[in-house]
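The chain contents come next:
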Amino acid sequence: MYLIKMHGLLFISLMFLLPLSSCSDQSIQEEEVIIGEDSDYPLEGTLTLPSAHQEPIPAVVLVHGSGPSDRDQSVYSYTIFKDLAQALTTQGIAVLRYDKRTYTYQDSFTEEDLLTFTVYEETIEDAVRAIEHLLNDSRIDNEKIFLIGHSQGGMLAPRIYDISENLAGLIIMAGSPRPLWEIIYDQNLDVLEDLDPDSALYETNHQQIIKEYEKAQQLADLTLEESMHETIFGLPGYYLKEMESFDTEEVLREQSMPLLILQGEKDFQVSVEKDFEAYQALLTDYDHAHFILYPDLNHFFINYQGEGKGTIEEYHQGGHVEDIVIDDIVNWINQTSN
């Protein structure tokens, strides 16, 4: 989820950015909006609406994964938020997407700011403002506003709901109920598999990964102030500790919010066994939770079968969110709304 360079190895990164593209589909219309217009961090965004619709209509807010990201969540050759916005809107669902705060203001944060920077400032506050933006739009059905969170955005979806309960349901795409540092640890170990286990490079990187893992395990014993002086897997300790202080599992167990949890079986960034199945185990007796696993899809719900499959290389090859994913989301929203 982050780019970590240790002794020559590059670890997984989600957010590499490309320019926005205009929409040419005549069945939808796009409006430029400002999220948090009166705040210290106004964000440019796009509200996509069906050209012909009966008001009020259901709507979705899209919440990014980790790292700075534009409103399309551009990653190498992928723009999956644009895919979702245009495809969902052609089926009668309005979609709001916006540039992430750390994308728009990435040069504005001082070292002092970053010492206590958390996912609240990075993601949650702006997601809540996006929901409020839809609530104030008379064209949108206030009883049918949904949130789609991808990757870390999916991990944070329960926390966003806990703050803003004006949601009809949560859709978690490639998320996890586990701590972020555990996922980064697994990602780093996966990268080591491409190295000769008897080589000095393997041993050096393996030792560094274990060192970071041990630091992460001690995070719970640190105060918030102490965590400000730690860096774990390239991330501020304060950021990780504050994120872990929110009990995602408790919120998921205690609320009755309709949930749709989606995962690609070929996802090499979050695990079917450790993440998707963890959601299933946590919510096994909850009728409001629905799970779909897609056999051939990756972390971005794209089917890629060519050279470099199962590595970052596949993200360079282009592709779009599969139609079956769009159809499943639309059907679930329609069923939940009725």
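Here the structure is shown first, and the text comes after it.
Reading the values: the criteria
The residue count restarts for each chain, going from 1 along the sequence in the order it is written. The predicted nature of this model means local features are confined to residues of pLDDT at least 70 and side-chain atom pairs, given and counted, to a pLDDT of 80 or more, with totals for whole chains, interfaces and linings taken over all residues. With hydrogens and water excluded, all non-hydrogen atoms of the structure serve as input to the side-chain values. When a carboxyl oxygen of Asp or Glu is within 4 Å of a side-chain nitrogen of Lys or Arg, the pair counts as a salt bridge. Strands are runs of DSSP state E lasting at least two residues, helices are runs of H or I lasting at least four, and both sets are numbered from the N terminus onward. Buried residues are those whose accessible area, probed at 1.4 Å on protein chains only, stays under 20% of the maximum for their type, while exposed residues exceed 50% and partly exposed ones sit between those limits. We call a set of buried residues a nonpolar core when its members are Ala, Val, Leu, Ile, Met, Phe, Trp, Tyr or Cys and they connect through side-chain atoms within 4.5 Å of each other. We call two residues contacting when some pair of their heavy atoms lies within 4.5 Å. Pairing between two strands requires that DSSP report at least two bridges joining them. Orientation is described by lines fitted to C-alpha atoms, with helices fitted over the stretch in contact, and by angles between N-to-C directions that extend from 0 to 180 degrees. The definition of a polar contact used here is a pair of N or O atoms within 3.5 Å, where within protein one atom must be able to donate a hydrogen and the other to accept one, and adjacent residues in sequence count solely through side-chain atom pairs. Relative orientations are named as follows: roughly parallel for angles under 35 degrees, roughly antiparallel for angles over 145 degrees, roughly perpendicular for angles from 65 to 115 degrees, and oblique for any other angle. Take the far helix as the reference: if the near one is turned anticlockwise from it by less than a right angle, the crossing is left-handed, and if turned clockwise, right-handed.

A. Representation of the pattern of salt bridges within the structure. By the definition in use, this model includes 20 salt bridges. For arginine 129, the salt bridge identified is with glutamate 125, shortest N-O distance 3.1 Å. With arginine 129 and glutamate 125 both in helix H4 (residues 119-135), this residue pair falls four residues apart, about one helical turn. Between aspartate 141 and lysine 144 there is a salt bridge, with the nearest N and O atoms lying 4.0 Å from each other. The class of lysine 144 is partly exposed, set by a relative accessible area of 24%. Each of the salt bridges in this network shares a partner with another, and the network as a whole consists of Arg178, Glu182, Asp186, Lys274 and Asp275.

B. Examining the nonpolar core more closely. Membership of the largest hydrophobic core comes to 96 residues, with the highest contact counts inside it found for Leu262 and Ile329. At seven residues, the largest contribution of residues to this core is made by H4. Ignoring sequence-local partners within four residues, the contact set of isoleucine 329 consists of Leu84, Leu88, Ile148, Ile171, Met173, Leu260 and Leu262.

C. View of the sheet that holds strand E5 (residues 57-63). Within the open sheet, the eight strands sit side by side as E3-E4-E8-E5-E9-E10-E13-E14. Their pairing is mixed. The open sheet has two edge strands, strand E3 (28-35) and strand E14 (289-294), and neither has a second partner. Strand after strand, the sheet turns through a mean of 20 degrees between neighbouring axes, direction not considered. Where E5 meets strand E8 (residues 94-98), three bridges bridge the pair, whose relative direction is parallel. Bridge pairing in E8 places valine 60 opposite valine 95.

D. Focus on the environment of aspartate 70. Residue placement: aspartate 70 occurs in the loop between E5 and strand E6 (74-75). Under the relative-accessibility criterion, aspartate 70 is labelled buried at 0%. A sequence separation of 81 residues divides aspartate 70 from serine 151, and the C-alpha atoms of the two residues are 15 Å apart. Reaching out from aspartate 70, the side chain makes a polar contact with the backbone nitrogen of glutamine 73 at a distance of 3.0 Å. A distance of 2.8 Å separates a polar atom in the side chain of aspartate 70 from a polar atom in the side chain of serine 74.

E. View of the packing of H4 against helix H5 (residues 152-163). Between H4 and H5, the least distance of the axes is 10 Å, while the angle of their chain directions is 60 degrees. By the criterion of interaxial angle, the relationship of H4 to H5 is oblique. As H4 packs across H5, the resulting crossing turns out to be right-handed. Contact residues: H4 offers Val119, Tyr120, Glu122, Thr123, Ile124, Ala127, Val128 and Ile131, while H5 offers Gln152, Leu156, Arg159, Ile160 and Ile163.

F. Representation of unusual backbone geometry in the model. The omega torsion across glutamate 55 and proline 56 is -5 degrees, close enough to zero to call that bond cis. Counting through the fold element by element, proline 56 comes out in the loop between strand E4 (43-50) and E5. Its identity as a non-glycine residue notwithstanding, tyrosine 76 has a phi of 50 degrees, on the positive side. Assignment of secondary structure puts tyrosine 76 in the loop between E6 and strand E7 (78-79). A residue is classified by how much of its surface remains accessible, and tyrosine 76, at 19% relative accessible area, is buried.

G. Highlighting the packing of helix H6 (residues 180-192) against helix H7 (residues 200-217). Following both chains from N to C, one finds H6 and H7 inclined at 170 degrees, their axes separated by 10 Å at the closest point. With respect to each other, H6 and H7 are oriented roughly antiparallel. Touching Trp181, Tyr185, Asn188, Leu189 and Leu192 of H6 are Tyr202, Asn205, His206, Ile209, Ile210, Tyr213, Ala216 and Gln217, all from H7.

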